[in-house]
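Inside the fold
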Amino acid sequence: MSREPQPLVRRVAVVGCGDISALHLAAIATVPGAQLVAVCDVDAGRLDAASTATGVPGYTDLDRLLDEARPDVVHLCTPHHLHAAQAVRALERGIDVVLEKPLAHTRAEADRLVAAAEHSRAKIAVCFQNRYNRPAERAKELLDSGELGAVLGASAVVPWHRTAAYYEDRPWRGRWATGGGGMLMNQAIHTIDLVQWLVGDPITATGSIATRALAEVIEVEDTAELRIMHAGGATSTVYATVAGVANLPVTIDVVCELGTLSLGAELTARFADGRVETTAERATASGERAYWGVSHERLIQDFYAGLDEPGAFWLHPAEARKAFDVIQDVYDDAIPDRVTPATDLPASAATA
């Protein structure tokens, strides 16, 4: 009597037990064969809560976790300045990595991670989960099909809200040395990634930044405007802020020779011949964290499903670097004499 093949068991650890880790833990629970074996954080309260909730050992030191828990995959949900160093340490041990965005907090650290990923036998995914939202997927399909003609450019708006308490609760978020930047690196990066993915590889970007509402709390920007020049001649503009009164829907409008795409909670495609097509999301995000989207689970499932296949995962560090470099270009343009954040900060586990 034949039996269905059993999924390969993979030992999994989550490093960083802050807000975003809840989405990773929920997604891991949906992956056949994924076995959570450890969690890690330097905050004793959060670590104890996560260890109690999951029933797995908790660690305060990443190297000890890697040595003792022996994970096959680590999910890194830590502050930005720890991303590259922690990911490199895992990759050098042959451990697969799921890394929250951004891939790094400086260009030098991004270089280091890209090189490590290229030379490691392990795979790594960077979480730009909004590419897995169905409206974004359909927009990409339509643009790649050529049905809308040449892409002329896009306009995007990120009208969000963050309180002083948001930064006071996690002080690393509001600092150049630990966040690598502000709203662009922590919130708008997802929209910038979608814009460049849809319109074309970015060549360079210019822009300005400001701190309109939170200057007494943070040293980084809460508002920015930028212009992206894409390969092929298209141009895009982005306005983003967390100084708004609420978390309102992000919008991206793509203008083509033969129609337009309006991407928000759903996609509306308008064709030159009068046709109108709409594409809704598979599920509707709700609650306080709805702005994260609904597709962490799909990205993580896709990553695990391809672990035994040859080649890099499609959202690898070199791909994730495209949106990162747009932001770095804007910082360089807006603050030409800025001091680059340190790259030798402690690489211990911490809370995201």
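This section reports on the structure supplied with the text. This one's a predicted model, so the numbers in the text were calculated from it and none came from an experiment.

With that settled, consider unusual backbone geometry. The peptide bond linking K101 to P102 adopts the cis configuration, its omega dihedral lying at -10°. Relative to the elements of secondary structure, P102 occurs in the loop between strand 5 (96-100) and helix 5 (107-119). The backbone phi angle of R70 is positive, close to 50°, even though this residue is not glycine. Mapping R70 onto the fold places it in the loop between helix 3 (62-68) and strand 4 (73-76).

A full pass over the atoms with the stated rule returns zero disulfides. No disulfide involves C40; its sulfur sits 7.3 Å from that of C17, the nearest cysteine. In this model C127 remains outside any disulfide bridge; the closest cysteine sulfur is found in C77, 7.3 Å from its own. Looking at C127, the relative accessible area reads 0%, which means it is buried.

Moving on to the sheet that holds strand 8 (residues 202-210). One open sheet accounts for eight strands, arranged 8-9-10-7-11-12-13-14; its pairing is mixed. In this open sheet, the two strands that pair with only one neighbour each are strand 8 and strand 14 (276-279). Strand-to-strand, the axes of this sheet are offset by a mean angle of 10°, without reference to chain direction. The pairing of strand 7 (residues 151-159) with strand 11 (residues 251-256) spans six bridges and is classified as antiparallel. The partner of A156 across the bridge, within strand 11, is I252. Across the sheet, helix 9 (residues 183-199) lies against strand 7, strand 8, strand 9 (223-230), strand 10 (235-241), strand 11 and strand 12 (259-263), angled at about 25° from strand 9, the strand it touches most.

A word on the sheet that holds strand 3 (residues 58-59). Sheets are built from strands paired through backbone hydrogen bonds, the pairs being either parallel or antiparallel. Strand order across the open sheet formed by six strands is 3-2-1-4-5-6, with parallel pairing between neighbours. Of all the strands in the sheet, just strand 3 and strand 6 (124-127) have a single pairing partner and so form its edges. Bridge count between strand 2 (residues 34-40) and strand 3: two bridges; the pairing is parallel. Among the inter-strand pairings, C40 is bridged to a residue of strand 3, identified as Y59. Packed onto the sheet, helix 10 (residues 296-305) meets strand 1 (10-15), strand 2, strand 4, strand 5 and strand 6 and runs at close to 170° relative to strand 6.

So, on to helix 11 (residues 317-334). In this model, helix 11 (18 residues) spans 25 Å end to end at C-alpha, consistent with the 26 Å of a helix rising 1.5 Å per residue. The largest bend in helix 11 is about 35°, located at A323. Among all positions of helix 11, only P317, E319, A320, R321, A323, F324, V326, I327, Q328, D329, V330 and Y331 are buried. Looking at the buried side of helix 11, the elements it contacts are helix 5, strand 6, helix 8 (176-179), helix 9, strand 8 and strand 9.

A separate point is the pattern of salt bridges. Counted according to the given criterion, the structure contains 30 salt bridges. Across the pair E141 and R134 runs a salt bridge whose closest N-O atoms are separated by 3.2 Å. On the basis of relative accessibility, which here comes to 23%, the residue R134 falls in the partly exposed class. Here K322 and E319 are joined by a salt bridge, their closest N and O atoms 2.9 Å apart. Linking K322 with E319, this pair stays in helix 11, spanning three residues, or about one helical turn. K322 sits in the partly exposed class, given a relative accessible area of 23%. On the accessibility criterion, E319 (12% relative accessible area) is buried. Where salt bridges share partners, they join R134, E137, R138, E141, E277, E281, R282 and R298 into one cluster.

So, how was this worked out
Residues numbered from 1 in each chain as written. Predicted model: local features only at pLDDT ≥ 70, side-chain atom pairs only at ≥ 80, totals over all residues. Heavy atoms only, no water. Helix = DSSP H or I, 4+ residues; strand = E, 2+ residues; numbered from the N terminus. Disulfide = S-S within 2.5 Å. Buried < 20%, exposed > 50% of the residue type's maximum accessible area, 1.4 Å probe, protein only. Pairing = 2+ DSSP bridges. Axes fitted to C-alpha atoms, helices over the stretch in contact; angles between N-to-C directions. Contact = heavy atoms within 4.5 Å. Expected span 1.5 Å × (residues − 1). Bend = angle between axes of the 7 residues up to and from the residue. Salt bridge = Lys/Arg side-chain N within 4 Å of Asp/Glu carboxyl O.

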